[in-house]
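Chain by chain, the residues:
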Amino acid sequence: SQQGEEDPQALSIQEGENATMNCSYKTSINNLQWYRQNSGRGLVHLILIRSNEREKHSGRLRVTLDTSKKSSSLLITASRAADTASYFCATDGRTDKLIFGTGTRLQVFP
Amino acid sequence: DTGVSQNPRHKITKRGQNVTFRCDPISEHNRLYWYRQTLGQGPEFLTYFQNEAQLEKSRLLSDRFSAERPKGSFSTLEIQRTEQGDSAMYLCASTPTESYEQFFGPGTRLTVL
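These figures come from a predicted structure and were not determined experimentally.

Caption draft 1: Spotlight on the overall build of chain A. Helices and strands together make up the secondary structure of chain A, namely 0 helices and 11 strands. Secondary structure of chain A in N-to-C order comes out as β-β-β-β-β-β-β-β-β-β-β. In summary, chain A has a C-alpha radius of gyration of 13 Å against a globular reference of 13 Å for 110 residues, a match within 12%. If you line up chain A on its principal axes, its C-alpha atoms span 40 × 25 × 20 Å. Expressed as a percentage of the 110 residues in chain A, the buried residues total 48%. In chain A, the 14 positive side-chain charges and the 11 negative ones have mean positions that sit 4 Å from each other.

This is the structure:
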């Protein structure tokens with residue numbers, strides 16, 4: 001079964017706008033990761049945030065983590081048509097495997 | 001291309017047949033994972049290997065499923081007596097022991113008729 005849930009399930013925006021997606025999970029974690037999936041490149045790792053971190057940046061990506069609420073958010077700034085994809089959060093549940101959420105489908109219109 | 005490779009990319013089979021998928025991880029990645037993904041859902045963990053040892057199996061992995069990683073290099077996932085509910089994308093990922101980031105292959109899409 002899925003560990004977490006992403007919100008919203010689907011998001012449509014114009015190029016240049018920011019996109020925010022949220023993830024909730026159920027158990028304690030060592031770290032939380034975000035992955036992107038599109039038909040062209042499959043699943044690709046975007047960013048990892050450790051349980052003792054609250055915020056992390058990578059290029060146009062900003063991730064926050066609130067372990068007290070068991071939630072994370074991914075912000076994509078100045079979105080591009082190429083950002084169109086499904087985005088998944090994945091937690092480790094303090095194990096060696098990843099448990100993925102249900103995903104947010106992002107559509108960026110030119 | 002030195003990424004994770006999976007073969008075949010697509011497999012169509014009739015119910016009751018056996019199928020086998022292969023995954024070649026990134027060279028020197030000790031850990032290898034198998035996931036299953038159905039339409040509109042995130043990947044679900046099936047099993048993983050540390051070198052040649054299979055360390056964990058999900059309850060999703062019924063006795064019709066078996067995975068191997070002989071010699072700690074490539075891995076195979078076999079499904080016996082396939083059922084229509086086995087139709088899904090089967091993903092393989094690998095990672096070095098000291099890393100958490102997983103590198104995914106393109107997947108094998110299985111369709112059971």
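Caption draft 2: Seen up close, the nonpolar core. Counting 22 residues, the largest nonpolar core has Met21(A), Leu32(A), Trp34(A), Leu74(A), Ile76(A), Tyr87(A) and Leu106(A) as the members making the most contacts within it. Of all the secondary structure elements, the ones that give two or more residues to this core are strand 2 (10–14), strand 3 (19–24), strand 4 (31–38), strand 5 (42–50), strand 7 (61–66), strand 8 (71–76), strand 9 (85–91) and strand 11 (104–109) of chain A. In this view, Leu74(A) contacts Ala19(A), Thr20(A), Met21(A), Trp34(A), Leu46(A), Leu61(A), Arg62(A), Val63(A) and Tyr87(A); residues no more than four positions away in its chain are not counted. One finds Val19(B), Ile26(B), Tyr90(B) and Cys92(B) within the second-largest nonpolar core, a separate group that totals 19 residues.

Caption draft 3: Geometry of the interface of chain A and chain B. In this complex, chain A contributes 17 residues to the contact, which on the side of chain B involves 17 residues. Together, the buried faces of chain A and chain B total about 1600 Å²; carbon and sulfur atoms form 49% of this surface. For the interface between chain A and chain B, the tally reads 2 salt bridges. When the shortest N-O distance is used, the salt bridge between Lys97(A) and Glu56(B) registers 2.5 Å. On inspection of chain A and its partner chain B, the count reaches 8 residue pairs in polar contact (both at pLDDT 80 or more). Residue assignment for the side of chain A that touches chain B shows that the elements contributing at least two residues are strand 4 and strand 5 of chain A. Its residues assigned to classes, the side of chain A that touches chain B comprises 6 nonpolar, 8 polar and 3 charged.

Caption draft 4: Highlighting the sheet that holds strand 8 (residues 75–79) of chain B. Residues and elements named next belong to chain B. In space, the 4 strands of this open sheet follow the order 1-3-8-7, with antiparallel pairing throughout. Edge strands, defined here as strands with exactly one partner in the open sheet, are strand 1 (5–7) and strand 7 (65–68). Taking each pair of neighbouring strands and ignoring which way they run, the sheet shows an average axis angle of 15°.

Caption draft 5: A look at the sheet that holds strand 6 (residues 55–58) of chain A. Residue and element names in this part refer to chain A. Spatial strand order, 1-3-8-7-6: 5 strands in an open sheet with antiparallel pairing. Of all strands in the sheet, those bounded by a partner on one side alone are strand 1 (5–7) and strand 6. Neighbouring strand axes in the sheet, compared pairwise and without regard to direction, differ in orientation by 20° on average.

Caption draft 6: Seen up close, the packing of aromatic side chains. Applying the stated criterion across every chain yields a total of 11 aromatic pairs over all chains. Look at Phe88(A) and Phe100(A): their rings are 6.4 Å apart centre to centre, the planes differ by 85°, and that puts the pair in the edge-to-face class. With a gap of 12 residues between them, Phe88(A) in strand 9 and Phe100(A) in strand 10 (residues 99–100) connect regions that are remote in the sequence. Here Phe88(A) matches Phe100(A) in class, with each residue buried. Ring geometry for Phe100(A) and Phe104(B): centres 6.0 Å apart, planes at 75°, overall edge-to-face. Taken together, the residues span two chains, with Phe100(A) in strand 10 and Phe104(B) in strand 10 (residues 103–104).

Caption draft 7: Local environment of the state of the cysteines. On inspection of all chains with the given rule, the structure shows 2 disulfides over all chains. Each sulfur in the disulfide pair Cys23(A) and Cys89(A) lies 1.9 Å from the other. Here the disulfide of Cys23(A) and Cys89(A) is right-handed, its torsion about the S-S bond being about 65°. Taken as a pair, Cys23(A) in strand 3 and Cys89(A) in strand 9 lie far apart in primary sequence, 66 residues in all. The two residues Cys23(A) and Cys89(A) agree in class, both being buried. Note on cysteine connectivity: Cys23(B) is disulfide-linked to Cys92(B), with sulfurs 1.8 Å apart. Judged by the sign of its S-S torsion, about -65°, the cystine formed by Cys23(B) and Cys92(B) is left-handed.

Conventions used here
- Residues numbered from 1 in each chain as written.
- Chains lettered and ligands numbered in written order.
- Predicted model: local features only at pLDDT ≥ 70, side-chain atom pairs only at ≥ 80, totals over all residues.
- Heavy atoms only, no water.
- Helix = DSSP H or I, 4+ residues; strand = E, 2+ residues; numbered from the N terminus.
- Rg over C-alpha atoms; globule rule 2.2 N^0.38 Å.
- Buried < 20%, exposed > 50% of the residue type's maximum accessible area, 1.4 Å probe, protein only.
- Lys, Arg positive; Asp, Glu negative; His and termini not counted.
- Charge placed at Lys NZ, Arg CZ, Asp CG, Glu CD.
- Core = buried A, V, L, I, M, F, W, Y, C linked by side-chain atoms within 4.5 Å.
- Contact = heavy atoms within 4.5 Å.
- Buried area = accessible area lost by both parts, 1.4 Å probe.
- Salt bridge = Lys/Arg side-chain N within 4 Å of Asp/Glu carboxyl O.
- Polar contact = N/O pair within 3.5 Å; in protein donor to acceptor, adjacent residues only side chain to side chain.
- Nonpolar A, V, L, I, M, F, W, Y, C, P; charged D, E, K, R; others polar.
- Pairing = 2+ DSSP bridges.
- Axes fitted to C-alpha atoms, helices over the stretch in contact; angles between N-to-C directions.
- Phe/Tyr/Trp six-rings, centres within 6.5 Å; stacked < 30°, edge-to-face > 60°.
- Disulfide = S-S within 2.5 Å.

The values reported here are purely geometric and, on their own, carry no functional implication.
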